[in-house]
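# Residue-level structure breakdown
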Amino acid sequence: MKILVLNCGSSSLKYQLIDMENESVLAKGLCERIGIEGSKLTHKVAGKDDFELETPMPDHSKAVSLVFDALTDASHGVVKSVDEIGAVGHRVLHGGTKFTESIVVNDEVKKVIRECFDLGPLHNPANLMGIEACEKVVPGKKNVAVFDTTFGMAIPEKAYYYAIPTEYYEKYGIRRYGFHGTSHTYVSNETIKFGNLDPKNAKVIVCHLGNGASISASIGGKGVDTSMGLTPLEGLIMGTRSGDIDPAVVQFICNHENKSVDEVLNILNKKSGILGMSGVSSDFRDVEKAAEEGNHMAKVGLEAYRYRIAKYIGAYVAAMNGVDAIAFTAGVGENDKKTRKLIVDEYLGYLGAKIDDERNDVRGEERLISTDDSKVKIFLIPTNEELAIARDTLRLVEA
Ligand code: ADP
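A word on the site of the ligand. For the ligand, the full set of nearby residues is G210, N211, G212, D283, F284, R285, A330, G331, V332, N335, D336 and R363. Between the ligand and N211 there is a distance of 3.1 Å, counted from an oxygen atom to a backbone nitrogen or oxygen. Contact distances for the ligand include 3.1 Å between an oxygen atom and a side-chain N or O atom of D283. When the ligand is considered free in solution it has 580 Å² of accessible area, and contact with the protein chains removes 68% of it.

Here it is as structure tokens:
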């Protein structure tokens, strides 16, 4: 079966068509500037020139219909008709407390996704627009919602409750949900498979270090803890997000700068992290370059970034009473050998973890990067959220 995976943002739509016979990507692409002037589709098929189309896309329905046109086009398409596409898997940010699993979309599912708009205000409305666009453009085709919060729904009460009055959980579902859940599930399972670890009992820590970054602990692939919280703001220092911070900082800045809570939250989400500390960029390559050239706060920002990761690793080793493997993934985790090496060399000696420089000299492929005598196995495991969504979609439509 061929599965289309859609990841809808408020003004963008990313897609991949995956042939589940061999899990190969037949085509992938991006619609940008949906609902804004200058909309553009970029469609990529291996071995062919990219197909680009600049045409108005007033809404997600138009974008979805252009994606189906591109996929079935005589020259740059990869299927003869939409009938060859078995189902559509949608990335949905927030499933609230109701969804602990991916699910085939029906009216009730859509209602709950809508109820979660205030938990995922930037993403859930767009995710639902993508689903409704598919229902309109290819009626009758099954849509599956795969939630970013599923991994975090498995963590125990002691890890997901915040120590605030319980009424806020009961009234509004305020708890730790965690995000990048599809990635944490995929990478922890892939680590167990690739590393030949005990599928039931392996204790794995996954460091998903992209522009957004989060870290998780799992035993046998089942979530134990995860660093993002009610929103993706909590936890690690990220490209533009502060991660953990004393909430009183918000009040302090509000009072001294005459800003609203929303404005300060915007600063913590978009102007903080490695960008805010260094004042240089949210891209780690730029910040590393600035640090090498002597920019003091770029250097401190990167040190703080690694330090925060190491503190979480330490906490999660304690949470699981041990660790068998640590996996690095996403933009920085997959490409930045220096950061991987420094985290292990500077902080993980007490675990008996040792990086192998030759093995660590790698980008974007599954590999053991620790030495043979390292007491903890360290891996690079590229994440593949689209494939994870497609696998879940296939499982549910075949059930
Ligand atoms: P997103 O969270 O947007 O999905 P990615 O997982 O694609 O992010 O990661 C993007 C980030 O990865 C960029 O901001 C960049 O800082 C970082 N990155 C990519 N390549 C490298 C590299 N060679 N060295 C350091 N950082 C890198």
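Let's shift gears to the sheet that holds strand β9 (residues 203-209). Spatial ordering of the open sheet is given by β11-β10-β9-β12-β14-β13, a layout of 6 strands whose pairing is mixed. Whereas interior strands pair on both sides, the edge strands pair on one side only; in this sheet they are β11 (222-226) and β13 (367-368). When strand β10 (residues 213-219) meets β11, the two strands line up antiparallel, connected through 4 bridges. The residue of β11 that forms the bridge with S216 is T226. Seen against the sheet, helix α12 (residues 296-320) touches β9, β10, β11 and β12 (325-329) and runs at an angle of roughly 160° to β9.

Before going further, it helps to examine the sheet that holds strand β5 (residues 51-54). Strand order in this open sheet of 8 strands is β5-β4-β3-β2-β1-β6-β8-β7, and the pairing throughout is mixed. At either end of the open sheet lies a strand with only one pairing partner, and these are β5 and β7 (103-104). Here 5 bridges tie strand β1 (residues 2-8) to strand β6 (residues 85-92), and the two strands are oriented parallel to one another. Pairing of L4 across the sheet is with V88, part of β6. Where helix α3 (residues 124-137) meets the sheet, its contacts fall on β1, β6 and β8 (142-147), and the angle it forms with β6 comes to roughly 165°.

The geometry of α12 relative to helix α14 (residues 337-347) is characterised by a closest axis approach of 10 Å and an angle of 60° between their N-to-C directions. Looking at the two axes, α12 sits oblique to α14. Of the two elements, α12 crosses α14, and the hand of that crossing is right-handed. Here α12 contributes E303, Y305, R306, Y307, I309, A310 and I313 to the contact with α14, which in turn contributes T339, L342, I343, E346 and Y347. For the contact of α12 with α14, the per-class residue count stands at 8 nonpolar, 1 polar and 3 charged.

Moving on to the pairing of strand β2 (residues 13-19). Summarising burial for β2: 6 of the 7 residues are buried, a large majority. In this structure, β1 lies alongside β2, joined through 7 bridges in antiparallel fashion. When the bridges of β2 are listed, L6 appears paired with Y15. The loop that links β1 with its antiparallel partner β2 comprises 4 residues. Across 7 bridges, the pairing between β2 and strand β3 (residues 24-32) is antiparallel. Residue pairing for β3: L13 is matched across the bridge by C31.

Another aspect to go through is the nonpolar core. Ranked by internal contacts, the top residues of the largest apolar core, which has 43 residues, are I205 and I313. For this core, the leading source of residues is α12, giving 10 residues. Setting aside chain neighbours within four positions, we find I205 in contact with I215, S216, I313, Y316, V317, M320, V323, A325, I326 and A327.

On to the packing of aromatic side chains. This structure, assessed with the given rule, holds 8 aromatic pairs. For the ring pair Y307 and Y347, a centre distance of 6.1 Å and an interplane angle of 50° mean the geometry is tilted. Highlighted residues: Y307 in helix α12 and Y347 in helix α14, separated in sequence by 40 residues. Residue Y347 is classed as partly exposed on the basis of its relative accessible area, which comes to 27%. An angle of 70° between the planes, with centres 5.7 Å apart, marks the rings of Y312 and Y316 as edge-to-face. Placement of both Y312 and Y316 in helix α12 is noted, with a separation of 4 residues, approximately one turn of the helix. As far as burial versus exposure is concerned, Y312 and Y316 are alike and both buried. A cation over a ring is seen here: R175 above Y177, with NZ or CZ 5.1 Å from the ring centre.

Summarising the element assignment, H60 is placed in helix α1 (residues 60-72). Apart from residues no more than four positions distant in its own chain, H60 is found in contact with C8, G9, S10, S12, I34, A126, M129 and A133.

Cut-offs applied
- Residues numbered from 1 in each chain as written.
- Predicted model: local features only at pLDDT ≥ 70, side-chain atom pairs only at ≥ 80, totals over all residues.
- Heavy atoms only, no water.
- Near = heavy atom within 4 Å.
- Polar contact = N/O pair within 3.5 Å; in protein donor to acceptor, adjacent residues only side chain to side chain.
- Areas by Shrake-Rupley, 256 points an atom, 1.4 Å probe, with all protein chains shown as cover.
- Pairing = 2+ DSSP bridges.
- Helix = DSSP H or I, 4+ residues; strand = E, 2+ residues; numbered from the N terminus.
- Contact = heavy atoms within 4.5 Å.
- Axes fitted to C-alpha atoms, helices over the stretch in contact; angles between N-to-C directions.
- Parallel < 35°, antiparallel > 145°, perpendicular 65-115°, else oblique.
- Left-handed = near helix turned anticlockwise from the far one by under 90°.
- Nonpolar A, V, L, I, M, F, W, Y, C, P; charged D, E, K, R; others polar.
- Buried < 20%, exposed > 50% of the residue type's maximum accessible area, 1.4 Å probe, protein only.
- Core = buried A, V, L, I, M, F, W, Y, C linked by side-chain atoms within 4.5 Å.
- Phe/Tyr/Trp six-rings, centres within 6.5 Å; stacked < 30°, edge-to-face > 60°.
- Lys NZ or Arg CZ within 6 Å of the ring centre and 35° of its normal.

That's the geometry; what it means functionally is another story.
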